[in-house]
Amino acid sequence: MAVLVDVALPVPLFRTFTYEVNGDAAHPVGPGSRVVVPFRQRREIGIVVGEGKPRLGVSPKRVLEVPDATPAIGEPLLALCRWMAEYYVTPLGVALRSALPAALSGAASPAPPVKTRRVVVLARELPTLLRRERIFARAPQQRTLFELLETLGGRATVEHLLEQLQFSPSVLKGLVARGLAIVESEVVARDPFASRPAPPPPAYAPTPAQRAAIDALKGASPGETFLLHGITGSGKTLVYIELLRHVVDDRGRSAIVLVPEIALTPQTVDRFRAVFGDRIAVLHSSLSDGERYDAWLALQRGDKRIAVGARSAVFAPLPDLGAIVVDEEHEGSYKQGEAPRYHARELAIVRARHEGAVVVLGSATPSLESWANAHAGKYQLLNLPERVGGGRLPAVEAIDLRGARTPPPAPGAAPDPDTLFRSVISEPVHRALVERLGRGEQSILLLNRRGYAAFIQCPTCGDVVTCPNCSISLTYHRTPERLICHYCHHTEELRSKCRRCGGTVLRQRGLGTQQVERLLAERFPSARIARMDVDTTSGKWAHTEILDRVGRGDVDVLLGTQMIAKGLDFPNVTLVAVVDADVGINLPDFRASERCFQLLSQVAGRAGRGPKGGQVFIQTRVPTHHAVRCALTHDYRTFVREEFDGRVKPPYPPNVRIANVGFSGTTEDATARLASRCSAWLHALVAKVESPVTIVGPAPSPVERIKNRWRWHLLLKSEQPRDLTRVLRYLAERFEVPKGASLRLTIDRDPVSLL
Ligand code: ADP
Ligand code: ZN
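Note that this is a predicted model, so its numbers are computed, not measured.

Caption draft 1: Inspection of the overall build of the protein at higher detail. Of regular secondary structure, the protein possesses 21 helices and 30 strands. Its C-alpha atoms give the protein a radius of gyration of 30 Å, within 12% of the compact-globule value 27 Å for 755 residues. By principal-axis analysis of the C-alpha atoms, the protein measures approximately 95 × 75 × 60 Å. Within the span of the protein, comprising 755 residues, buried residues form 52% of the whole. Restricting to contacts in the protein with at least 6 residues of sequence separation, those with at least 24 account for 74%. Accessible surface computed for the protein: about 34000 Å², of which carbon and sulfur atoms make up 52%. Averaging the coordinates of the 98 positive side-chain charges in the protein and doing the same for the 78 negative ones gives two points 3 Å apart.

Caption draft 2: View of the coordination of the zinc ion (ligand 2). Coordination of the zinc ion (ligand 2) by the protein is provided by Cys467 (SG), Cys470 (SG), Cys485 (SG) and Cys488 (SG), with metal-donor distances spanning 2.2 to 2.4 Å. Donor residues for the zinc ion (ligand 2), ordered by position in the chain, follow C-x2-C-x14-C-x2-C. Here cysteine 467 is found in the loop between β18 (453–457) and β19 (475–477), whereas its partner cysteine 488 is found in the loop between β20 (482–484) and β21 (491–492), with 21 residues between them in sequence. The two residues cysteine 467 and cysteine 488 agree in class, both being buried.

Caption draft 3: Expanded view of the site of ligand 1. Around ligand 1 lies a shell of 17 residues, among which Tyr204, Gln210, Gly233, Thr237 and Asp569 are the nearest. Taking glycine 235, its main chain carries an N or O atom lying 3.1 Å from an oxygen atom of ligand 1. Between ligand 1 and aspartate 569 there is a distance of 2.4 Å, counted from an oxygen atom to a side-chain nitrogen or oxygen. Here ligand 1, which alone exposes 570 Å², has 81% of that area covered by the protein. Applying the majority rule of atoms within 2 Å of the grid points places ligand 1 in the second largest pocket. The leading source of residues in the shell around ligand 1 is helix α8 (residues 236–250), at 3 residues. Its residues assigned to classes, the shell around ligand 1 shows 6 nonpolar, 7 polar and 4 charged.

Caption draft 4: View of the pairing of strand β29 (residues 709–718). The buried count for β29 comes to 8 of 10 residues, which makes it a mostly enclosed element. Bridging between strand β27 (residues 657–665) and β29 involves 9 bridges; their strand directions are antiparallel. Paired with isoleucine 658 across the strands is lysine 717, a residue of β29. Pairing between strand β28 (residues 694–706) and β29: 7 bridges, direction antiparallel. Bridging across to β29, isoleucine 706 finds its partner in arginine 709. Joining the antiparallel neighbours β28 and β29 is a turn of 2 residues, in which lysine 707 adopts a positive phi near 50°.

Caption draft 5: Empty space enclosed by the protein, seen in detail. Overall, the coordinates contain 6 cavities of 30 Å³ or more when judged by the stated rule. What lines the second largest cavity is simply Ala8, Pro10, Ile45, Ile47, Gly93, Leu96, Arg97, Leu100 and Ser105. With 3 residues, the top contributor of residues to the lining of the second largest cavity is helix α2 (residues 92–98). Its residues placed into classes, the lining of the second largest cavity shows 6 nonpolar, 2 polar and 1 charged.

Caption draft 6: Spatial organisation of the environment of leucine 401. Considering the arrangement of structural elements, one finds leucine 401 in the loop between β16 (395–400) and α13 (417–424). Excluding residues within four positions of it along the chain, leucine 401 makes contact with Val579, Gln619, Thr620 and Arg621.

Caption draft 7: Just the sheet that holds strand β2 (residues 17–21), in detail. Spatially, the 5 strands line up as an open sheet ordered β3-β4-β1-β2-β5, and their pairing is mixed. Where the open sheet ends on each side, the last strands, each with one partner, are β3 (34–39) and β5 (61–62).

Caption draft 8: Local environment of unusual backbone geometry. Residue proline 653 is joined to proline 654 through a cis peptide bond whose omega torsion reads 5°. You can see proline 654 is positioned in the loop between α19 (636–645) and β27. Here the residue pair glycine 697 and proline 698 is connected by a cis peptide bond, since its omega of 10° sits within 30 degrees of zero. One non-glycine residue with positive phi stands out, namely asparagine 708, at about 65°.

Caption draft 9: The arrangement of the layout of surface pockets in detail. Estimated volume of the second largest pocket: approximately 980 Å³. Forming the boundary of the second largest pocket are 45 residues, of which Tyr204, Thr237, Arg271, Asp569 and Arg609 lie nearest the centre. Among the elements of the structure, α8, α9 (266–276) and α16 (542–552) are those that each provide at least two residues to the lining of the second largest pocket. The element that contributes the greatest number of residues to the lining of the second largest pocket is α9, accounting for 6 residues. Across the lining of the second largest pocket, the residue classes tally to 17 nonpolar, 16 polar and 12 charged.

Caption draft 10: Geometry of the packing of aromatic side chains. All chains considered together, the criterion is met by 14 aromatic pairs. A centroid spacing of 5.3 Å and a plane angle of 80° characterise the contact between phenylalanine 315 and tyrosine 342, whose relative ring orientation is edge-to-face. Taken together, the residues span a long stretch of sequence, with phenylalanine 315 in the loop between β12 (306–309) and β13 (321–327) and tyrosine 342 in the loop between β13 and α11 (344–355) at a distance of 27 residues. Tyrosine 342 carries the same exposure label as phenylalanine 315, and that label is buried. Here phenylalanine 597 and phenylalanine 639 contribute two aromatic rings whose centre-to-centre distance is 4.2 Å and whose plane-to-plane angle is 5°, an arrangement assigned as stacked. Of the two residues, phenylalanine 597 sits in helix α17 (residues 592–604) while phenylalanine 639 sits in helix α19, which places them 42 residues apart along the sequence. For the pair formed by phenylalanine 597 and phenylalanine 639, the shared burial category is buried. Clustering of aromatic rings is evident, with ring pairs tying together Trp371, Phe597, Tyr636 and Phe639. In this structure, arginine 523 packs its charged tip against the face of phenylalanine 421, placed 4.2 Å from the ring centre. Over the face of the ring belonging to tyrosine 87 we find arginine 749, whose NZ or CZ atom lies 3.9 Å from the ring centre.

Cut-offs used in this document
- Residue positions are given per chain, counted from 1 along the sequence in the order it is written.
- Note on labels: chains are lettered from A, ligands numbered from 1, in written order.
- Local features in this predicted model are restricted to residues whose pLDDT is 70 or higher, and side-chain atom pairs enter the listing and the counts only when it is 80 or higher, whereas totals over whole chains, interfaces and linings include all residues.
- Values shown for side chains rest on all heavy atoms present in the structure; no hydrogens or waters enter the calculation.
- Runs of E in the DSSP output that reach at least two residues are strands. Runs of H or I that reach at least four are helices, and both are numbered from the N terminus.
- The globule rule used for comparison is 2.2 Å times the number of residues to the exponent 0.38, while the radius of gyration itself is calculated over C-alpha atoms.
- When a residue's accessible area, from a 1.4 Å probe over protein chains only, is under 20% of the maximum for its type it is buried; when over 50% it is exposed; and in between it is partly exposed.
- The contact rule is simple, with two residues in contact once any of their heavy atoms fall within 4.5 Å.
- Residue exposure ignores everything except the shown protein chains as possible cover, and the areas themselves are Shrake-Rupley values with a 1.4 Å probe.
- The charge count treats Lys and Arg as positive and Asp and Glu as negative. His and the chain ends do not count.
- By convention, the point assigned to a charge is CZ for Arg, NZ for Lys, CD for Glu and CG for Asp.
- Any N, O or S atom lying within 2.8 Å of the metal counts as a donor, with the limit raised to 3.2 Å for Na, K and Ca; because water is left out of the atom set, some sites can appear incomplete.
- Here a residue is considered near a molecule or strand provided that any single heavy atom belonging to it is located within 4 Å of it.
- In protein, a polar contact requires one atom able to donate a hydrogen and another able to accept it; more generally it is a pair of N or O atoms within 3.5 Å, and residues adjacent in sequence count only if both atoms are side-chain atoms.
- With a 1 Å grid spanning the protein atoms alone, the term cavity applies to any set of points in which a 1.4 Å probe fits but cannot get out, the term pocket to an open set with protein on both sides within 12 Å along at least five of seven lines, and the term lining residue to any residue with an atom within 4 Å of a point.
- Cavities and pockets are treated as containing a molecule whenever more than half of the molecule's atoms lie within 2 Å of their grid points.
- The residue classification treats Ala, Val, Leu, Ile, Met, Phe, Trp, Tyr, Cys and Pro as nonpolar and Asp, Glu, Lys and Arg as charged. All others, Gly included, are polar.
- Only when DSSP finds a minimum of two bridges between them are two strands counted as paired.
- Grid points are joined across faces, edges and corners, and a volume is the space filled by probe spheres set on the points.
- Side-chain rings of Phe, Tyr and Trp, where Trp is taken by its six-membered ring, are said to pair if the distance between their centres is within 6.5 Å; with planes under 30 degrees apart they count as stacked, over 60 as edge-to-face, and otherwise as tilted.
- Only when the NZ atom of a Lys or the CZ atom of an Arg is both within 6 Å of the ring centre and within 35 degrees of the ring normal do we say a charge sits over the ring.

Now the structure itself:
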């Protein structure tokens with residue numbers, strides 16, 4: 001008998017579609033089932049979200065395939081996706097697609113291949129010696145193979161027998177032909193972590209502060225959210241591990257651990273693997289689609305009980321979820337940059353509430369939003385105010401770069417290397433580096449800008465070389481030598497002349513990691529220097545390799561961008577220096593100071609994690625800026641208070657809820673017109689429905705053009721999330737974006753960046 005189903009498709013339309021399923025479909029269908037359906041002359045994979053309703057005079061199209069025996073999305077995840085679609089104003093089908101591994105969203109091969117291997121299994125026993133001698137009388141090799149299989153427990157892979165043990169295929173064929181063995185295929189989970197050795201599990205007892213946090217978490221009521229504010233090195237990971245032991249070992253439930261960028265945190269991942277071994281699925285960013293799918297299946301089957309991964313791991317298909325850990329909850333990478341523009345921290349909280357799990361948000365520098373929620377009593381605050389093992393936070397000293405300006409070199413003359421070095425690395429940092437190298441201790445240098453020089457400028461007319469596609473300057477890279485746009489990857493040769501005035505002495509301005517690396521290498525020729533930034537970490541496991549080298553003591557100085565600020569725990573690092581703290585501090589974004597404070601605090605926290613203590617230097621031209629000032633004294637609370645006050649007038653989160661409505665198009669004119677038309681439309685709407693939502697803008701975005709698209713935006717603000725949802729929903733469904741100039745409108749709710 002045919003039934004009607006309501007199907008959500010990954011298309012930019014705020015509606016679902018009715019299809020008909022035949023009685024002869026391969027598998028039963030229900031909410032969460034994947035179906036292959038015809039849609040506008042193509043095949044699409046959709047998700048059944050309910051029963052379909054017949055419509056008069058319309059005969060629904062047929063579902064083409066039902067690829068899975070059981071629904072790909074269970075009820076709890078379906079509920080989460082409904083919430084996500086509603087809150088982030090995204091079509092349900094688009095939301096659902098982001099909750100599934102990529103391998104399950106290709107309509108061309110709806111049932112993704114699993115990796116199999118061929119194994120030989122003994123099919124008969126030969127209990128008596130007599131029979132053995134008779135059967136194998138003229139086949140001694142078959143006998144050897146048969147008996148070997150017996151000692152291997154009656155089972156071995158074909159590959160092992162033929163390749164490692166060098167049996168000939170004909171011997172194996174012989175055994176099979178005589179019915180003594182069979183060859184079958186076996187599904188293998190592709191787990192690239194299987195070969196990485198796990199460290200031994202921790203052998204220490206929790207400190208009293210850790211104990212208190214662990215006890216509070218164990219006693220949590222279902223759906224409760226905790227904010228674990230623990231300074232760097234206070235042992236937050238152990239708290240997470242003890243919670244997981246309780247949830248997974250004692251209660252037999254499952255858990256998710258979210259980390260900001262998994263490639264950057266191999267140490268944290270290793271600590272979980274040390275305790276939970278192969279019950280963990282690590283959803284690493286460098287997994288292939290197939291490997292990711294294997295992990296997903298293992299989680300769904302319950303073979304793996306803990307998922308560790310970046311933001312999309314919040315959708316791990318774990319049954320009976322007991323806990324979600326969000327480590328470094330303040331990190332911007334938890335926000336997805338494309339639709340659905342969800343924040344994994346918010347989804348974690350919503351999912352946990354639906355499924356009766358506990359959430360822990362951990363950070364040394366919690367986001368202002370989470371801090372405000374903890375103070376409003378929405379989250380329970382847990383504190384780890386001290387470093388474990390009596391360690392102390394390192395002393396942090398600011399080095400004021402104002403006045404330390406080097407005189408510009410004489411025209412035509414190259415700056416002498418010594419002057420250049422001293423303009424980049426101040427005397428105190430230099431001395432401290434020399435000391436560390438002498439004592440065999442390690443140092444970390446942070447400069448949050450990759451490349452060699454920030455930009456190239458003509459000293460005659462002041463012209464800066466910019467990207468032809470984006471409104472930003474090109475960064476000078478030295479190895480290989482070229483100019484690169486960090487937004488669109490546009491690359492060009494270094495110019496020999498200024499395009500504007502024809503001047504021939506183009507100057508490099510501003511520092512990048514490549515230049516600092518070179519200056520260090522010249523100054524300390526025998527030091528082992530490792531550079532870690534986007535340019536040195538393109539390989540799959542490049543991050544892990546660099547960090548493993550640091551861990552083994554094969555690196556004296558680790559230099560890098562914000563990549564090196566997170567989660568690293570190397571006790572032999574006794575010096576941290578920030579080469580230029582001011583990168584990013586003045587960006588036209590309300591979170592610029594917060595991000596700067598977090599980065600400085602996090603990187604400072606890498607120093608002095610061992611008994612030798614540590615020292616931190618921050619080179620800056622704005623030593624009195626509250627982000628720098630509070631980082632010097634490790635004073636999170638003062639920073640938050642001042643930052644919070646700065647967001648009252650005009651109001652910014654957490655004092656108000658905002659959404660960023662973006663407009664882009666291929667001409668400046670059409671984009672600007674779309675922005676003002678939309679703004680007028682919104683003003684009329686808000687007036688008509690008497691909504692308390694306020695509209696700020698429109699204005700050109702801070703980066704006016706990216707990849708040849710002009711960008712404008714406006715902000716919607718409101719006290720109540722509900723009011724914002726209503727207006728945004730109206731906008732998404734009713735406002736018409738004209739054709740032409742490939743105009744686009746995007747809605748980014750709770751944006752982490754306004755650039
Ligand atoms: P955080 O994430 O808070 O910065 P970590 O979890 O990385 O801190 O812990 C810092 C270091 O302290 C790690 O090397 C960890 O093994 C160690 N550690 C954690 N808890 C204890 C404890 N109770 N006793 C001794 N060492 C501990
Ligand atoms: Zn560009």
